[in-house]
Amino acid sequence: MTINKFKGTRMLEVIHSPEDMFKLSRGIRKGGNSIGFVPTMGYLHQGHISLIDRARKENDIVVVSIFVNPLQFGKNEDLDRYPRDFERDYSLCKDAKVDYIFYPSYSDMYPEDFNTYVEVKELSEILCGAFRPGHFRGVTTVVLKLFNIVSPDRAYFGKKDYQQLQIIKRMVKDLNIPVEIVACPTVREPDGLAMSSRNRYLSPEERLSATYISKALFKIKDAFDRGASEVWRLKEVGLDVLNKAPLIGEIQYLEVVHPENLKSREYAQKGDVVAVAVFIGNTRLIDNIEL
Ligand code: PAF
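As the structure is a computational prediction, the values presented were derived from the model and not from experiment.

S.K.: What should I look at first to understand the sheet that holds strand β9 (residues 283-290) in this one?
M.R.: As a general point, the strands of a sheet are linked pairwise by backbone hydrogen bonds and lie either parallel or antiparallel. An order of β7-β8-β9 is seen for the three strands of this open sheet, with the pairing classed as antiparallel. Where the open sheet ends on each side, the last strands, each with one partner, are β7 (248-257) and β9. For this sheet, the mean angle separating the axes of adjacent strands, direction not counted, is 10°. Against the sheet, helix α9 (residues 231-242) engages β7 and β8 (273-280), with an angle of about 155° to β7.

Take a look at the structure:
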């Protein structure tokens with residue numbers, strides 16, 4: 001089947017079965033049209049919309065997947081309470097001129113005899129990986145499955161999940177996956193908080209506390225821009241801010257890392273990434289900034 005669906009004639013369709021999505025995407029590409037793909041776990045926000053907008057600009061057809069992937073949640077994590085609202089997501093996708101939503105069921109993605117996993121070593125074991133064992137293996141496994149089903153020319157990921165982005169880039173390189181990974185800037189609320197579906201867990205007081213995370217990162221960047229480069233000093237600047245946040249819980253890490261191999265630095269260099277993971281109340285939030 002060859003699909004000729006050109007810009008300007010779009011209607012949003014929802015595809016449930018991986019097999020249908022597979023046939024459809026092969027048809028689209030056979031028809032000479034490019035596919036831009038935005039994988040998501042739903043509960044879309046402006047960060048996702050910015051990925052969709054970019055995909056819209058750079059491709060003929062835009063596919064968004066919505067699948068809360070159980071494989072990437074730990075036992076005591078928030079899989080059950082992860083926010084879901086398909087109708088809302090559908091209408092946001094429609095407004096953003098998405099062509100297809102791929103919305104598979106759990107059993108379609110993981111039949112009972114499912115037993116194959118993809119893991120990017122080392123990169124998956126540090127930073128968030130040290131605190132969420134198995135998380136990135138779940139991410140890479142589902143992303144590779146989605147790439148095989150949707151067969152996009154380009155796939156769009158936010159820099160907000162910076163480690164995820166680097167791990168996916170590495171998987172694509174190591175396994176010769178013919179997909180271009182497009183990294184898009186973090187979208188922030190006016191007060192600096194990085195957009196995330198998990199922000200919805202925050203009470204008003206926690207929401208206020210959460211603003212200290214980006215404040216800490218901006219302050220570190222500022223210190224770096226003024227000439228400070230010893231990482232212990234930069235960390236102190238950030239921790240000073242974070243420790244002022246009224247409802248701050250565990251600070252899992254605050255690190256300055258190489259932008260690709262994510263190894264910790266002793267002296268920060270231009271282009272390095274400052275990455276942080278903290279609990280605000282019961283909610284674990286991550287953020288990062290490029291120096
Ligand atoms: O970033 C996310 O929302 C998820 O990790 C992804 C890439 C959709 C895989 O489930």
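That covers the picture; the talk isn't over yet.
S.K.: What exactly am I supposed to notice about the packing of helix α8 (residues 204-225) against α9 here?
M.R.: The packing of two helices is summarised by the inter-axis angle and the distance between the axes. Two elements in contact, α8 and α9, have axes separated by 8 Å at closest approach and are oriented at 150°. Judged by the inter-axis angle, α8 sits roughly antiparallel to α9. Remark: the crossing between α8 and α9 carries right-handed chirality. Along the contact surface, α8 presents Y212, I213, K215, A216, K219, I220, A223 and F224, while α9 presents L234, V237, G238, V241 and L242. Considering only residue class, the contact of α8 with α9 consists of ten nonpolar, one polar and two charged.

S.K.: Would you mind going over the site of the ligand with me for this structure?
M.R.: For the ligand, the full set of nearby residues is P39, T40, M41, N69, Q72, V139, V142, V143, F157, D161 and Q164. The side chain of Q72 places a nitrogen or oxygen atom 2.6 Å from an oxygen atom of the ligand. Q164 places a side-chain nitrogen or oxygen 2.7 Å from an oxygen atom of the ligand. Calculation on the ligand without its partners gives an accessible area of 290 Å², and the protein chains cover 89% of this total.

Calculation rules
Counting starts from 1 at the beginning of each chain's written sequence and moves along it residue by residue. Restriction of local features to residues with pLDDT of at least 70 applies here, the model being predicted, together with a cutoff of 80 or more for giving and counting side-chain atom pairs; totals for whole chains, interfaces and linings are based on all residues. No hydrogens and no water enter the side-chain calculation; it runs on all heavy atoms of the structure. At least two DSSP bridges between two strands are required for those strands to pair. Helix numbers and strand numbers start at the N terminus; a helix is a DSSP run of H or I with at least 4 residues, a strand a run of E with at least 2. Under this scheme, a helix contributes an axis fitted over its contacting stretch, all axes are lines through C-alpha atoms, and angles between N-to-C directions fall in the 0 to 180 degree range. The contact rule is simple, with two residues in contact once any of their heavy atoms fall within 4.5 Å. Angle categories: roughly parallel below 35 degrees, roughly antiparallel above 145, roughly perpendicular from 65 to 115, and oblique for all the rest. Helix crossings are classified by the rotation of the near helix relative to the far one: an anticlockwise turn of less than a right angle makes the crossing left-handed, while a clockwise turn makes it right-handed. Residue polarity is assigned by list, with Asp, Glu, Lys and Arg as charged and Ala, Val, Leu, Ile, Met, Phe, Trp, Tyr, Cys and Pro as nonpolar; anything else, Gly included, falls into the polar class. For this purpose, a residue is taken to be near a molecule or strand whenever a single non-hydrogen atom of the residue falls within 4 Å of it. By the criterion applied in these results, polar contacts are pairs of N or O atoms within 3.5 Å in which, for protein atoms, one can donate a hydrogen and the other can accept it, and in which residues neighboring in sequence qualify only through two side-chain atoms. All accessible areas in this document rest on Shrake-Rupley with a 1.4 Å probe, and a residue is counted as covered only by the protein chains that are shown.

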